[in-house]
Amino acid sequence: MEILVITWNYPPRQGGMEQLLASVCAGLSKNHRVSVITAYADKHFTAGEESVFRPAAPGLVRYFLFAIVKGIALLRGNRNISVVLGGGVLVTPIVLILARLFRRKAIVQAHGLDLIYRNSIYQFLVVRGLRYVDRVIANSRHTARLAQQKGVTERAIEIIHPGVDWQRFQMAEDAVALKQARGLAHRKVILFVGRLARRKGVKEFIEQSLADIVTQVPEVCFVIAGANAAESLTQHEDVAGEIRRSIERHDLSEQLRWFGAVSDAELAQIYALCDVLVLPVLDLDSDVEGFGMVALEAAAAGKPVIATRCGGIPDAVDDGVSGILVEPGDYQRLSESIVSLLKDPQIGAAMGQSGRQRAEKEFTWGSVVSRYEATFRGLSEEANQDALPIFDL
């Protein structure tokens, strides 16, 4: 089978969507020929790429035009490409144009925010098109419900969770040595990992919970591994600046360590040294946590997760088993849950072990790619259909 992937989100950009696309493409490439049309990137980062096509200059409109022209050329020259896979709702119009022109199967991944982004033109011209693709692959049950609210039939939705390379998070060094190396000896470490979008709730956690936790666990340190979402099409606020001002205002600089954006190798070490991961996501109408990849990564590292019960997070955290879920805005319960695990490390260790076992069993990239392959095969086995309309105006 040959597959054409159309995606704006792809390395060297960083983020959960980029990681998902890269891992799925790498897994599919083991048994299939995969071509990727993605966004511009500096040649310094793209040297040696195979079957990855990029426009010569940055810009969303330029990318859309390039993707259509390049996609037509690839499909016209290769009748063996049977699937056009969109790496996000944003590229739905491109996927539909290419798939319907050449009578191929159209599949689009949906991640959450790309379904609900508040722009009437985007909703009409982009999200509306999901009704006419052959399959929508949702990253969580919550994202699947959002897709149905946008008019996608339940039959056309497949829920395939992201995976995790759990072996990447197995560290030979223990947490004590790693803490010592980073100046965190004898500290209880609460970790946050991720781009600092407003929905992540880091500022609110500092203002509503951290001071209370410090009172009960004076040796605590809140570690932030992340920076502003500089390359995001939808996130432009200086959330990092707001967080810094909040830290100063509440006199918590001694209880916080800011690592900023980190490499993959550093990230594995940071997970290993933490005592608990916190994901204090806000329940917003304008933004959503589609799944919660960092919760899965923490589980793979054997660490317990405390998170809010919103978006797709409940798919990533098994409440009471691999972590604890609290209602959004319940900062008292959030603080109590964190303090309980910091004061009783055995409970946290047991949750971390359960999370690791679940990650190894249910969320390997091999099993994720197999689900994609099964979806592709199922579509290929369906009887050939007449071309469907791109939009029902």
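This text gives an overview of the structure that appears in the document. (Residues numbered from 1 in each chain as written. Predicted model: local features only at pLDDT ≥ 70, side-chain atom pairs only at ≥ 80, totals over all residues. Heavy atoms only, no water.)

1. Considering the environment of leucine 130
Inspection of the secondary structure puts leucine 130 in the loop between α6 (120–125) and β6 (135–138). On the accessibility criterion, leucine 130 (1% relative accessible area) is buried. When the C-alpha positions of leucine 130 and valine 52 are compared, they lie 25 Å apart, and in sequence the two are 78 residues distant. With residues near it in sequence (within four places) discarded, leucine 130 still touches Val89, Thr92, Val108, Leu115, Val136 and Val152. (Helix = DSSP H or I, 4+ residues; strand = E, 2+ residues; numbered from the N terminus. Buried < 20%, exposed > 50% of the residue type's maximum accessible area, 1.4 Å probe, protein only. Contact = heavy atoms within 4.5 Å.)

2. Considering the pairing of strand β9 (residues 220–225)
Burial runs high along β9: 6 of the 6 residues are buried. Across the two faces of β9 the burial is the same, with Val220, Phe222 and Ile224 and Cys221, Val223 and Ala225 all buried. Relative to β9, strand β8 (residues 188–193) runs parallel, the two being bridged by 6 bridges. Within β9, the position partnered with valine 193 by the bridge is alanine 225. (Pairing = 2+ DSSP bridges.)

3. Notes on the environment of arginine 377
By secondary structure assignment, the location of arginine 377 is in helix α16 (residues 365–381). For the pair arginine 377 and arginine 145, spaced 232 residues apart in sequence, the C-alpha to C-alpha distance is 24 Å.

4. Topic: the pattern of salt bridges
Per the counting criterion, the structure on display carries 15 salt bridges. The salt bridge involving glutamate 242 is made with arginine 198; its shortest N-O contact spans 2.7 Å. Here arginine 198 lies in the loop between β8 and α9 (202–216) and glutamate 242 lies in helix α10 (residues 239–249), a separation of 44 residues in the sequence. Through salt bridges with shared partners, one network takes in Arg199, Lys200, Asp287 and Glu289. (Salt bridge = Lys/Arg side-chain N within 4 Å of Asp/Glu carboxyl O.)

5. Some thoughts on the sheet that holds strand β10 (residues 256–258)
Remark on secondary structure: sheet strands pair via backbone hydrogen bonds, oriented parallel or antiparallel. Taken in spatial order, the 6 strands of this open sheet run β10-β9-β8-β11-β12-β13, and their pairing is parallel. Strands with a single pairing partner mark the edges of an open sheet, and in this sheet they are β10 and β13 (323–326). If you compare each strand with its neighbour and ignore which way they point, the axes differ by 20 degrees on average. Pairing analysis gives 3 bridges linking strand β11 (residues 276–279) to strand β12 (residues 305–308), with the strands arranged parallel. Counted as the bridge partner of valine 278 is isoleucine 306 from β12. Helix-sheet contacts for α9 involve β8, β9, β10 and β11, and the interaxial angle to β9 is about 160 degrees. (Axes fitted to C-alpha atoms, helices over the stretch in contact; angles between N-to-C directions.)

6. Structural notes on the packing of aromatic side chains
In the structure shown here, the tally under the stated rule is 7 aromatic pairs. With a centroid separation of 5.5 Å and 80 degrees between ring planes, the pair formed by tyrosine 117 and tyrosine 122 is classed as edge-to-face. For tyrosine 117, a relative accessible area of 30% puts it in the partly exposed group. Plain terms: the ring middles of phenylalanine 291 and phenylalanine 363 are 6.4 Å apart, the flat faces sit at 50 degrees to each other, and that makes the pair tilted. Remark: phenylalanine 363 occurs in the loop between α15 (345–362) and α16 and phenylalanine 291 occurs in the loop between β11 and α12 (293–300); sequence separation between them is 72 residues. Among the aromatic residues, ring-to-ring pairing joins Trp8, Tyr63 and Phe64 into one connected group. (Phe/Tyr/Trp six-rings, centres within 6.5 Å; stacked < 30°, edge-to-face > 60°.)

7. Points about a nonpolar patch on the surface
On the surface, Ile121, Phe124 and Leu125 cluster together into a nonpolar patch covering about 290 Å² of accessible area. Here phenylalanine 124 lies in helix α6. (Patch = residues over 30% accessible without salt bridge, like charges linked within 9 Å, V, L, I, M, F, W, Y side chains within 5 Å. Areas by Shrake-Rupley, 256 points an atom, 1.4 Å probe, with all protein chains shown as cover.)

8. Regarding the sheet that holds β6
In space, the 7 strands of this open sheet follow the order β3-β2-β1-β4-β5-β6-β7, with parallel pairing throughout. Two strands in the sheet have a free side with no partner beyond their single neighbour: β3 (52–53) and β7 (157–159). Bridging between strand β5 (residues 105–110) and β6 involves 4 bridges; their strand directions are parallel. Counterpart to valine 108 in the pairing with β6 is valine 136.

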